[in-house]
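# Observations on the three-dimensional arrangement
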Amino acid sequence: MTLARLKHIQYVKNVDDATSRQSFEYWLSEHLRLNGMYWGVMALVGLKSLDTLPKPQVIEYVLSCYDAKSGGFGAYPQHDGHILSTLSGLQILLIYDSLHTIDDKRAQITKFIKDLQLPDGSFQGDSYGEVDTRFVYNAVSSLSILGQLTEDVVERASQFLVRCENFDGSYGMEPGAESHAAQVFTVVGALAIMDKLHLVKHDKLATWLSERQVKEGGFNGRPEKLPDSCYSWWVLSPLTILGHQNWVDLARLGDFILGCQDEEIGGFSDRKDNQTDIYHTCFAIMGLSLADHELYDLEAIDPVYCMPYSATQKIQKWPYAGRE
Ligand SMILES: [Zn+2]
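Quick look at the structure, then. (Residues numbered from 1 in each chain as written. Predicted model: local features only at pLDDT ≥ 70, side-chain atom pairs only at ≥ 80, totals over all residues. Heavy atoms only, no water.)

The next subject is the overall build of the protein chain. When you go through the protein chain residue by residue, the secondary structure sums to 14 helices and 2 strands. Taking 20 Å as the expected radius of gyration for a compact globule of 324 residues, we find that the protein chain reaches 19 Å, a close match to that expectation. Along the first, second and third principal axes, the C-alpha atoms of the protein chain reach 55 × 45 × 35 Å. Buried residues in the protein chain amount to 60% of all 324 residues. For the protein chain, the share of sequence-separated contacts (at least 6 apart) that also reach a separation of at least 24 residues comes to 65%. (Helix = DSSP H or I, 4+ residues; strand = E, 2+ residues; numbered from the N terminus. Rg over C-alpha atoms; globule rule 2.2 N^0.38 Å. Buried < 20%, exposed > 50% of the residue type's maximum accessible area, 1.4 Å probe, protein only. Contact = heavy atoms within 4.5 Å.)

And the structure:
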């Protein structure tokens, strides 16, 4: 089976509203959720077709989601800032080489993120919200993109992530919570950004991750669950960061992912013959790229940041030289 490349590009341009098939331009005017926009952008980056989106309108839309009151980006214009949409906004700006458009907001965005860290090192999503290892990743990745990681943030955040480790070497969303592959990506990605990968039980965790591959070739998120195309990314990215991507059968994974594509209208679903959506389209393509970007003629993706290397090579990596 081959990648229905042109169909997928068209699918992202028409976003995932199967009933109305609206264009991306229409969605921009109708307030596309900021992380939904990131998924669309990354799907096109993976397909080496980012130029199919109108860059000025994308940047303008991202900036319109900035919430001056909180200092972060909201999911839509006029919404309160949240850590999830703040990372999406920064990622899109970096991918489009447009971080300079927020030069006058960097201090406020940095303060917004750092103020969300609790004394135990965890992060809230916003000033009301719950705590989740996802938010630690969002905060650490955002601060890294801004070049604003500091020793106090790194020490407390990494200690919190260590407390989320389970007996199986894997991680849950908070201390004592069940191991889950999506959380593993956020923990390993955050620790990689903070130069703390020595805190991970490498072989034990890589074994748990490689056991996520099921007989269909795809990955599940937890033992006994069905495979799902998005776990291609959540499982393979930490395995790649740990240097153990060859502990799974990448060819069979690729076949499973291709089996999840809609060859008629484009897009990917979680499993064969299910309804496609932009989220699974993004992470199925990301998984295929990690599995073998040359074979599928996809852009190479940085497993730590979930952005193309052309973008992440512009990030100043921690530890910053000459820090106190
Ligand atoms: Zn999924």
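Each donor-metal-donor angle would ideally measure 109.5 degrees in four-coordinate tetrahedral geometry, or 90 or 180 degrees in six-coordinate octahedral geometry. Within the protein, the atoms that donate to the zinc ion are Asp228 (OD), Asp228 (OD), Cys230 (SG) and His280 (NE2), at distances of 2.1 to 2.5 Å. Considering all 4 donor atoms around the zinc ion, the spread of angles at the metal, 56 to 116 degrees, places the coordination shape in the irregular class. For the zinc ion, the single-chain donor residues occur in sequence as D-x1-C-x49-H. Of this pair, cysteine 230 sits in the loop between α10 (202-210) and α11 (231-241) while histidine 280 sits in helix α13 (residues 278-292), and the two are 50 residues apart along the sequence. (Donors = N, O, S within 2.8 Å, 3.2 Å for Na, K, Ca; no water. Tetrahedral: all angles 85-135°; square planar, octahedral: opposite > 155°, others 65-115°.)

The geometry of an aromatic ring pair is captured by the separation of the ring centres together with the interplanar angle, meaning the angle of the planes. With the rule as written, the count across this model stands at 8 aromatic pairs. Through pairs of rings, three or more aromatic residues link up here, namely Trp39, Tyr137, Phe185, Trp233, Trp234, Tyr279 and Phe283. Taking NZ or CZ as reference, lysine 105 lies 5.5 Å from the ring centre of tyrosine 66, over its face. One cation-aromatic arrangement involves arginine 212 over tryptophan 208; the distance from NZ or CZ to the ring centre is 4.6 Å. (Phe/Tyr/Trp six-rings, centres within 6.5 Å; stacked < 30°, edge-to-face > 60°. Lys NZ or Arg CZ within 6 Å of the ring centre and 35° of its normal.)

Attention now goes to the environment of aspartate 297. For aspartate 297, the position within the fold is in the loop between α13 and β1 (301-302). Residues aspartate 297 and glycine 46, spaced 251 residues apart in sequence, show a C-alpha to C-alpha distance of 8.9 Å. Once you skip the residues sitting within four places of it in the chain, aspartate 297 turns out to touch Arg5 and Lys48. Polar side-chain contacts of aspartate 297 include one of 2.7 Å to the side chain of lysine 48. (Polar contact = N/O pair within 3.5 Å; in protein donor to acceptor, adjacent residues only side chain to side chain.)

Once that is clear, we can look at helix α6 (residues 106-114). Listing the buried residues of α6 in full gives Ile109, Thr110, Phe112 and Ile113. One side of α6 holds all its buried residues, which, seen down the axis, span an arc of 160 degrees. Away from its buried face by more than 90 degrees, α6 exposes Ala107 and Lys111. Where α6 is buried, its residues contact α5 (83-95) and α7 (133-146). (Arc of directions from axis to C-beta.)

This part takes up the environment of cysteine 65. Mapped onto the fold, cysteine 65 is located in the loop between α4 (55-64) and α5. On the accessibility criterion, cysteine 65 (1% relative accessible area) is buried. Taking the C-alpha atoms as reference, cysteine 65 lies 6.7 Å from alanine 75; in sequence the two are 10 residues apart. In this structure, cysteine 65 is in contact with Leu34, Gly72, Phe73, Gly74, Ala75, Tyr76 and Pro77, ignoring residues within four places of it in sequence.

What follows concerns the pattern of salt bridges. Under the defined criterion, the tally for this structure stands at 13 salt bridges. Close ionic contact of arginine 106 with aspartate 103 constitutes a salt bridge, the shortest N to O distance being 3.1 Å. On the basis of relative accessible area, arginine 106 is assigned to the partly exposed category, the value being 24%. The shortest N-O distance in the salt bridge between glutamate 216 and lysine 215 comes to 3.8 Å. The exposed category is assigned to lysine 215, whose relative accessible area is 72%. Each of Arg5, Lys48 and Asp297 takes part in a single network of salt bridges with overlapping partners. (Salt bridge = Lys/Arg side-chain N within 4 Å of Asp/Glu carboxyl O.)

The next point concerns the side chain of serine 232. Examined against the element boundaries, serine 232 turns out to sit in helix α11. Looking at serine 232, the relative accessible area reads 0%, which means it is buried. When near neighbours in sequence (up to four residues on either side) are disregarded, serine 232 contacts Phe219, Leu253, Ile257 and Gly287.

With that settled, consider unusual backbone geometry. Cis rather than trans, the peptide bond between tryptophan 318 and proline 319 has omega equal to 0 degrees. Counting through the fold element by element, proline 319 comes out in the segment after α14 (309-312). At aspartate 195, a position not held by glycine, the phi torsion is positive, near 60 degrees. Structurally, aspartate 195 is set in the loop between α9 (181-193) and α10. Located in the positive-phi region is aspartate 273, a residue other than glycine, with phi close to 70 degrees.

The next subject is the environment of arginine 33. With respect to the helices, strands and loops of the structure, arginine 33 is situated in the loop between α2 (24-29) and α3 (34-46). With 144 residues separating them along the chain, arginine 33 and alanine 177 place their C-alpha atoms 29 Å apart. Contact partners of arginine 33, with chain neighbours within four places excluded, come to Trp39, Tyr61, Ala75 and Tyr76.

Geometric values such as these leave the question of function open.
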